[in-house]
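Descriptive structure summary
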Amino acid sequence: MDPVEVAAVPDAGPVPAWQSKCPWGAPNTSAISCSLADVMSEQLAKELQLEEENAAFPEVPAVAEGPFITGENIDTSSDLMLAQMLQMEFDREYDAQLRREEKKINGDSKVSISFENYRKVHPYDSDSSEDEVDWQDTRHDPYRADKPTTTPRKGFIGKGKDITTKHDEVVCGRKNTARMENFAPEFQVGDGIGMDLKLSNQVFNALKQHAYSEERRSARLHEKKEHSTAEKAVDPKTRLLLYKMINSGMLETITGCISTGKESVVFHAYGGSSTTEDKMIPAECAIKVFKTTLNEFKNRDKYIKDDYRFKDRFSKLNPRKVIRMWAEKEMHNLTRMQNAGIPCPQVVILKKHVLVMSFIGQDQVPAPKLKDVTLSSEDMKKAYYQILHMMQQLYKECSLVHADLSEYNMLWHGGKVWLIDVSQSVEPTHPHGLEFLFRDCKNVSQFFQKAGVAEALNERELFNAVSGLRITADNEVDFQAEIEALEKMNEDHVQNHGKKLSMFSSDGDPPIYDE
């Protein structure tokens, strides 16, 4: 093939000066002579491509990163050498990960941890710069103040006039500052050593006592939160008891809280399909959960420690046992009242400090208390005589004194009065049984007299009508003095109910109102 002239431009003679200086003039082009075979050559195309790549991406000289540099003096064909190089690179990455973990965990904390023992590369082999050194990760912190030196066994240091004993004010102050680090972690003491703080013995002892008090208080708060019931709430153990009742089919569901008091929390629940001890579970139940803390009701012991039914089991040092006995006491009292025909909740089951009873009300709405209901004069008179009859039944047939009878513990449902909250009820043989009875009579008389019941007796007449005693006293002080005298006279016979009745015998039985 004949050679061909490519891009040849004929010579046009001299170019004018204005045209050579004009930016819009035609550029000078040089003739490139090559054959067609060179244009179609693949080798030429590769060379042109390499030139373009080199111009676009200039080659950057490699920088050595460690002691193992790839070069002519290193035999990279050795598997051992390659393995060592890879292992060194892996160790550096592992150490960098440890440093990041230390910074993440320590943060700005005064107490820091270090993974120095787990590092793979020795510190002098590390490629980290001086600015990246975290002194929190080292065992010896150069910025941390030294602890005060201890006094030798002889008790002093120095000679002559420069003697410093262990009782020196500065030495003792620094020692007390160092001892603050032994306080609980929750007690923030700050960096007193770094500031060369000197604490006197009086200040240190006060701080120490305060730290111990805070530690005990936090422990009590944690225990109270985990192991005690609060208002409208139950602890995990109580919640587990309720779950078991639902899983066994005794209860269908628990709807919510209906009442709270100083000693218990009452929930509403729907009864299940199972039966307990040949008893049908009511359609609606009331779950009374006794609070597992004595903070709100600390005088329970006077109602239970002198009751002969629980006297041998009473333990003032174990609050949970007292609470279980308190729940058991209410169950037994309700059973007595139910057997006597007194309107009261029916006991379903007792599990530790959880008492399940029948619900006094309808459709999740509890029956109103006697103090909240508005009754006509006839209904109020009827309620008074019914309460008088129930108090006589409690004393005579059930051998009980309510001990907290008032308009707050009487419900009005179905046209009659229902008695609730009998956990504190005691027997008349209790050393303070008659005092409790007189207090109940006083509450009942005052309420119905204010309600306008003309037939309502005063507290002294009501006490004689219920108890059958014939105490004649002109004023309340003398009346209570005679009651205390009777209780003291029968203190030796507190467990002998028959002897007490014979000593309290009257000329006739008290009048009993029967509907």
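Let us look at the structure shown here. The shown structure was predicted, so the numbers you read here are calculated from the model rather than taken from an experiment. What you see as residue numbers is a count from 1 along each chain, following the sequence as written. Only residues with pLDDT of 70 or above have their local features reported here, since the model is predicted, and side-chain atom pairs are shown and tallied only from 80 upward, although totals for entire chains, interfaces and linings are computed over all residues. Only hydrogens and water are set aside; all other atoms, that is, all heavy atoms of the structure, feed into the side-chain values.

**Some details on the nonpolar core**
Put simply, the rule reads: Think of a nonpolar core as a cluster: buried Ala, Val, Leu, Ile, Met, Phe, Trp, Tyr and Cys residues, connected wherever their side-chain atoms sit within 4.5 Å. A 1.4 Å probe rolled over the protein chains alone gives each residue an accessible area, and that area as a share of the maximum for its type sets the label: buried under 20%, exposed over 50%, partly exposed in between. Helix and strand definitions here come from DSSP, where helices need a minimum of 4 consecutive H or I residues and strands a minimum of 2 consecutive E residues; each element is numbered from the N-terminal end. These domain limits were set by an automatic method or by a database of domain assignments.
Core analysis: the largest hydrophobic core is formed by 55 residues, its most contacted members being Met337, Leu370, Ile387, Phe448 and Phe463. Those elements that provide at least two residues to this core are α9 (319-339), β9 (354-358), α10 (377-396), β12 (410-413), β13 (416-419), α11 (433-450), α12 (459-467) and α13 (476-489). Residue contributions to this core peak at nine residues, all from α10. Shared between two domains, this core holds at least three residues of each, these being domain 2 (233-366) and domain 3 (368-501).

**Some details on the layout of surface pockets**
Counted only if it meets this: Residues are said to line a cavity or pocket when one of their atoms sits within 4 Å of a point; the points come from a 1 Å grid over protein atoms alone, cavities being sets where a 1.4 Å probe fits but cannot get out and pockets being open sets with protein on both sides within 12 Å along at least five of seven lines. Grid points are joined across faces, edges and corners, and a volume is the space filled by probe spheres set on the points. All amino acids are sorted into three groups, where Ala, Val, Leu, Ile, Met, Phe, Trp, Tyr, Cys and Pro are nonpolar, Asp, Glu, Lys and Arg are charged, and the leftover types, Gly among them, are polar.
Counted as a void, the second largest pocket has a volume near 800 Å³. Along the walls of the second largest pocket sit 36 residues, with Ser259, Val266, Asn409, Ile420 and Asp421 positioned nearest its centre. Secondary-structure elements contributing two or more residues to the lining of the second largest pocket are β3 (251-260), β4 (264-271), β7 (284-290), α9, β9 and α11. Broken down by class, the residue content of the lining of the second largest pocket amounts to 18 nonpolar, nine polar and nine charged. Looking at which domains feed residues into the lining of the second largest pocket, each of domain 2 (233-366) and domain 3 (368-501) gives three or more.

**Brief notes about the packing of aromatic side chains**
For clarity, the threshold we go by: Ring pairs are drawn from Phe, Tyr and Trp, using the six-membered ring of Trp, whenever the two centres fall within 6.5 Å, and their geometry is named by plane angle: stacked under 30 degrees, edge-to-face over 60, tilted for the rest.
Enumeration over the complete set of coordinates arrives at seven aromatic pairs. A ring pair is formed by Phe115 and Tyr118, whose centres lie 6.4 Å apart and whose planes are at 80°; its orientation type is edge-to-face. Judged by its relative accessible area of 54%, Tyr118 falls in the exposed class. On the numbers, 5.5 Å between centres and 70° between planes, the contact of Tyr384 with Tyr385 is edge-to-face. Residue Tyr384 is classed as buried on the basis of its relative accessible area, which comes to 1%. Each member of the aromatic cluster is reached from another via a ring pair, and the members are Tyr384, Tyr385, Phe447 and Phe448.

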